[in-house]
Amino acid sequence: MKEQNEEKIRELLKTMRSADSELNRDLWPEMLRRLDSGPVRVPWYDWALVALVSIWCLLFPNALLGLIYHL
Amino acid sequence: MELLEQFARGDLEAFELLFRQFQSQVYGWIVRIVRNREVAEDLTVETFWRIYRAHARFDPTRSFGAWARRVATNVALDHLRHALPEVQFFEFKKDALKAPPADSVFQQDLRKNIDLAFRQLPMRLRVAATMALIEEEPYPDIAEALGIPIGTVKSRVFRAVRLLRKKLKRLGVEP
């Protein structure tokens, strides 16, 4: 009985429509846009800011509490 | 071979040639898994983006098509893992489930329940069953794309059907 049901399920699954797999347009222009956008880069001034804050925290450790408060 | 070597060195023109040669094949594979044309187009671009970034890891002595299919499968599975559930994942052939008019309500319910039960299957079982039973792709191709042995594909398809039967039974449906 189980085997019969499973066979019926297989038959039913075969009736599910196969997805239309034809590509109707060229995707290269989109690929080029993607390549041009490139990976997300952190600008140099963000790195400079991080460096400045780190130095400031090293020189004035007590200021760290104030920085955390403002964050 | 030369083209693949150029691509592996990061040559954009070689990549464009490969893109144009394989975009239809990659798209065709992805749309079978995600079953949505627009999403499949986006994921095709995403696949080639990953391929381009990984050009240095590509071995030019291997098949580019097989590698692309593997990457495409991972991209499609990533998408399905994060996608919201669709209203209806599958459509049915118009002449499917032939039945007398009196049975049409029953048939509609059956279709709805099969669709519902199928979408509840674990991802790896669902993909294996989709490719093997609905798309009727050869087992070796499925195995290569999923990066698993052929025996595992067969086992997943078997488990998918068994689980589907149990789920349908729970929904009160005996096929």
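Residues numbered from 1 in each chain as written. Chains lettered and ligands numbered in written order. Predicted model: local features only at pLDDT ≥ 70, side-chain atom pairs only at ≥ 80, totals over all residues.

**Some thoughts on the overall build of chain A**
So, point 1. Helices and strands together make up the secondary structure of chain A, namely four helices and zero strands.
So, point 2. Its helices and strands taken in sequence order, chain A reads α-α-α-α from the N to the C terminus. (Helix = DSSP H or I, 4+ residues; strand = E, 2+ residues; numbered from the N terminus.)

**Some thoughts on the nonpolar core**
So, point 1. Of all hydrophobic cores here, the largest spans 47 residues; its most connected members are Ile30, Ala128, Ala129, Ala132, Val157, Ala160 and Leu164 of chain B.
So, point 2. Taken together, the elements giving at least two residues each to this core come down to α1 (2-14) of chain A together with α2 (12-34), α3 (37-53), α4 (64-82), α5 (104-119), α6 (123-134), α7 (139-146) and α8 (150-170) of chain B.
So, point 3. The element contributing the most residues to this core is α2 of chain B, with 10 residues.
So, point 4. Here this core gathers at least three residues from each of two domains, domain 1 (2-82) and domain 2 (101-170) of chain B.
So, point 5. Sequence-distant contacts of Ala132 of chain B, defined by excluding residues within four places in its chain, comprise Glu137, Tyr139, Ile142, Val153 and Val157 of chain B. (Core = buried A, V, L, I, M, F, W, Y, C linked by C-beta atoms within 7 Å. Buried ≥ 20, exposed ≤ 12 C-beta atoms within 10 Å, placed from the backbone. Domains from an automatic or database assignment. Contact = placed C-beta atoms within 7 Å.)

**Topic: α6 of chain B**
All names here are of chain B.
So, point 1. The terminal C-alpha atoms of α6 lie 15 Å apart, and with 12 residues this matches the ideal 16 Å at 1.5 Å per residue to within 8%.
So, point 2. A large share of α6 lies buried, amounting to nine of its 12 residues.
So, point 3. Buried within α6 we find Leu125, Arg126, Val127, Ala128, Ala129, Thr130, Met131, Ala132 and Leu133.
So, point 4. Once α6 finishes, Glu136 follows within two positions and takes phi at roughly 55 degrees, a positive value. (Expected span 1.5 Å × (residues − 1).)

**Re the environment of Arg81 of chain B**
So, point 1. Tracing the backbone shows Arg81 of chain B in helix α4.
So, point 2. For the pair Arg81 of chain B and Met123 of chain B, spaced 42 residues apart in the sequence, the C-alpha separation amounts to 7.6 Å.

**Observations regarding the environment of Leu3 of chain B**
All names here are of chain B.
So, point 1. Mapping Leu3 onto the fold places it in helix α1 (residues 2-8).
So, point 2. What makes Leu3 partly exposed here is the crowd of 16 C-beta atoms within 10 Å.
So, point 3. Between the C-alpha atom of Leu3 and that of Phe15, which follows or precedes it by 12 residues, the distance is 8.5 Å.
So, point 4. Beyond its immediate sequence surroundings of up to four residues, Leu3 is in contact with Ala14, Leu17 and Leu18.

**Details of the packing of α6 of chain B against α8 of chain B**
All names here are of chain B.
So, point 1. One way to put it is that α6 packs onto α8 with a least axis distance of 8 Å and a crossing angle of 100 degrees. Considered as vectors, α6 and α8 are oriented roughly perpendicular to each other. Judged by residue contacts, Arg124, Leu125, Arg126, Ala128, Ala129, Ala132 and Leu133 of α6 engage Val153, Arg156, Val157, Arg159, Ala160 and Leu163 from α8.
So, point 2. Along the lines of polarity and charge, the residues of the contact of α6 with α8 split into nine nonpolar, no polar and four charged. (Axes fitted to C-alpha atoms, helices over the stretch in contact; angles between N-to-C directions. Parallel < 35°, antiparallel > 145°, perpendicular 65-115°, else oblique. Nonpolar A, V, L, I, M, F, W, Y, C, P; charged D, E, K, R; others polar.)

**Remarks on the packing of α2 of chain B against α3 of chain B**
All names here are of chain B.
So, point 1. Interaxial distance between α2 and α3 falls to 8 Å at its minimum, and their mutual angle equals 135 degrees. By the criterion of interaxial angle, the relationship of α2 to α3 is oblique. The interaxial crossing formed by α2 with α3 has right-handed handedness. Side by side, α2 and α3 meet where Phe15, Phe19, Gln23, Val26, Tyr27, Ile30, Val31 and Val34 of the first sit next to Arg37, Val39, Ala40, Glu41, Leu43, Thr44, Thr47, Phe48 and Tyr52 of the second.
So, point 2. Along the lines of polarity and charge, the residues of the contact of α2 with α3 split into 12 nonpolar, three polar and two charged. (Left-handed = near helix turned anticlockwise from the far one by under 90°.)

**Considering the confidence of the model for chain B**
Residue and element names in this part refer to chain B.
So, point 1. Chain-level statistics for chain B give a pLDDT mean of 85 and a share of 84% at 70 or above.
So, point 2. In the model of chain B, α5 stands out as the element of lowest mean pLDDT, 74, in contrast to α3, which has the highest, 95.
So, point 3. Interface scoring of the predicted complex returns ipTM 0.71; its pTM is 0.70. (pLDDT = per-residue confidence, 0-100.)

**Things to note about unusual backbone geometry**
Excluding glycine, most residues fall at negative phi; most peptide bonds, likewise, are trans.
All names here are of chain B.
So, point 1. Unlike most non-glycine residues, Arg35 shows phi in positive territory, near 55 degrees.
So, point 2. Its location among the elements puts Arg35 in the loop between α2 and α3.
So, point 3. Phi at Glu136 takes a positive value of approximately 55 degrees, unusual for a residue other than glycine.
So, point 4. Checked against the element boundaries, Glu136 lands in the loop between α6 and α7.

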